[in-house]
Amino acid sequence: RKKAGTVGAISDDEAGICRIDESKCIHCGHCIHSCPFGAIGSKIFAADIIRAIREGKRVIAMCAPASEGQFGKDIGMAAIRSALKKAGFADMVEVGLGGDMTAAYEALEWIEARKEGRIMTTSCCPAFISMLRHHYPALYEKNKSSTVSPMVAVSRYLKHLDPDCITVFIGPCIAKKGETLNELIKDTPDYAMTYGEIVAMLDAKGVAIEPVEESYQESSVFGKRFASSGGVAGAVMEVMKELGEDTSDIRLMTCAGGEECKKAMTLLKVGKLNVDFVEGMICNGGCVGGPSKHQAENVVLRDREDLLGKADDRRILENLKNYPMGEFSMLRDGSIPEEIPPFISR
């Protein structure tokens, strides 16, 4: 359990009882799956979600980019969407769309930070953001991106279309549950579930996730690749290129795993990190290596490549023209700037 964490939040008291220091915990969830006794758990929202569905509320699932590859090489987003609708969800939207949204806004921040000579860190991993907040507060204030994560972006988009809908994130991440409850972020999703929880819900309804003939894609392949280490930075760099920026001399660092993130932030804190931008993900390999993944990471990665190879080649900014980006906030504080980027539509 102690080895599962990287921030020293877990220790034993005088009686040998395991204790978690909430002031240090970043809610990554790795201790939950490492505890041999199953003594550690996370908040479960399944009953609330089922109740909302039974009450006839419009409950919309939002599936993480890491979902492709979790259930086999023949189970893409369309198949997952079909199964969730059979289980009572009104619809499902892929959070890779939120990846496109986040990449577009982070690109603007990176361009500005580059002019200022300021190192910028990514915003998509809530456990990484918690690490900054609890253990590197000066970096949290100065270097953290102010753009919301893809999960929050999609939820805000859906609630802009229908303020009464209930949004539910589904993915391999425990920290996303904490993000839905984070009072420092305005307008977060209502609930978050892991793959294990949603599979249990489907089993209870007698619904199997099976291949379907129809296709479904709302995200660019760059947004889909947010799930893997390097994918976030790759998407942001893609937007910068689409905006006509020269990215050839950008010094980029990708950190996957708590130890890598901790080392990079320690160097940044003392002014010895010689890069322009840092992608931070607490899980090894990125989200596909999340603590609540449904299959082994190597299996997921293999099957993902088959599925992602079938995606079309739409560009990020081209894709976002289909969405009212200027009508909801992409910033953590919930504000909408008076001047919106030229590529954003009202």
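Let me begin by describing the structure that accompanies this report. (Residues numbered from 1 in each chain as written. Predicted model: local features only at pLDDT ≥ 70, side-chain atom pairs only at ≥ 80, totals over all residues. Heavy atoms only, no water.)

Moving on to the overall build of the protein chain. Scanning the protein chain for helices and strands turns up 14 helices and 9 strands. Over its C-alpha atoms the protein chain spans a radius of gyration of 19 Å, differing by no more than 12% from the 20 Å that the globule rule assigns to 346 residues. Along the longest, intermediate and shortest principal axes, the C-alpha atoms of the protein chain span 60 × 55 × 35 Å. For the protein chain, the residues scored as buried account for 56% of the 346 residues in total. (Helix = DSSP H or I, 4+ residues; strand = E, 2+ residues; numbered from the N terminus. Rg over C-alpha atoms; globule rule 2.2 N^0.38 Å. Buried < 20%, exposed > 50% of the residue type's maximum accessible area, 1.4 Å probe, protein only.)

Moving on, we get to unusual backbone geometry. A positive phi angle is found at His27, which is not glycine, with a value near 60 degrees. One can find His27 in the loop between β2 (18-20) and α1 (30-34). Judged by its relative accessible area of 37%, His27 is partly exposed.

Moving on: the packing of aromatic side chains. In the structure shown here, the tally under the stated rule is 5 aromatic pairs. Where Phe45 meets Tyr191, the ring centres are 5.4 Å apart and the plane angle is 45 degrees; that geometry is what we call tilted. With Phe45 in the loop between α1 and α2 (46-54) and Tyr191 in strand β7 (residues 191-194), this pair connects stretches of sequence that are 146 residues apart. Neither residue differs from the other here; Phe45 and Tyr191 are each classed as buried. Counting every residue linked through ring pairs, the aromatic cluster contains Tyr157, Tyr323 and Phe328. When the ring centre of Tyr140 is taken as origin, the NZ or CZ atom of Lys144, which lies over that ring, is 4.2 Å away. Over the face of the ring belonging to Phe169 we find Lys176, whose NZ or CZ atom lies 5.8 Å from the ring centre. (Phe/Tyr/Trp six-rings, centres within 6.5 Å; stacked < 30°, edge-to-face > 60°. Lys NZ or Arg CZ within 6 Å of the ring centre and 35° of its normal.)

Attention now moves to empty space enclosed by the protein. A water-sized probe rolled over the atoms picks out the places where empty space is left. Under the criterion given, the structure shown has 3 cavities of 30 Å³ or more. Roughly 280 Å³ of volume is contained in the largest cavity. Lining the largest cavity we find 23 residues, and of these Cys124, Pro126, Cys173, Lys176 and Cys287 sit closest to its centre. If you list the elements that add at least two residues to the lining of the largest cavity, you get α5 (126-135), α7 (150-161) and α8 (175-180). Partitioned by chemical class, the residues of the lining of the largest cavity number 20 nonpolar, 2 polar and 1 charged. Along the walls of the second largest cavity sit Cys63, Ser67, Phe71, Ile80, Ala83, Leu84, Ile170, Tyr195, Ile198, Leu202 and Ile209, which together make up its complete lining. Of all the secondary structure elements, the ones that give two or more residues to the lining of the second largest cavity are α3 (77-86) and α9 (195-205). (1 Å grid on protein atoms, 1.4 Å probe; cavity = no way out; pocket = protein on both sides within 12 Å on 5 of 7 lines; lining within 4 Å. Points joined across faces, edges and corners; volume = space filled by probe spheres on them. Nonpolar A, V, L, I, M, F, W, Y, C, P; charged D, E, K, R; others polar.)

Distances and angles like these do not, on their own, reveal function.
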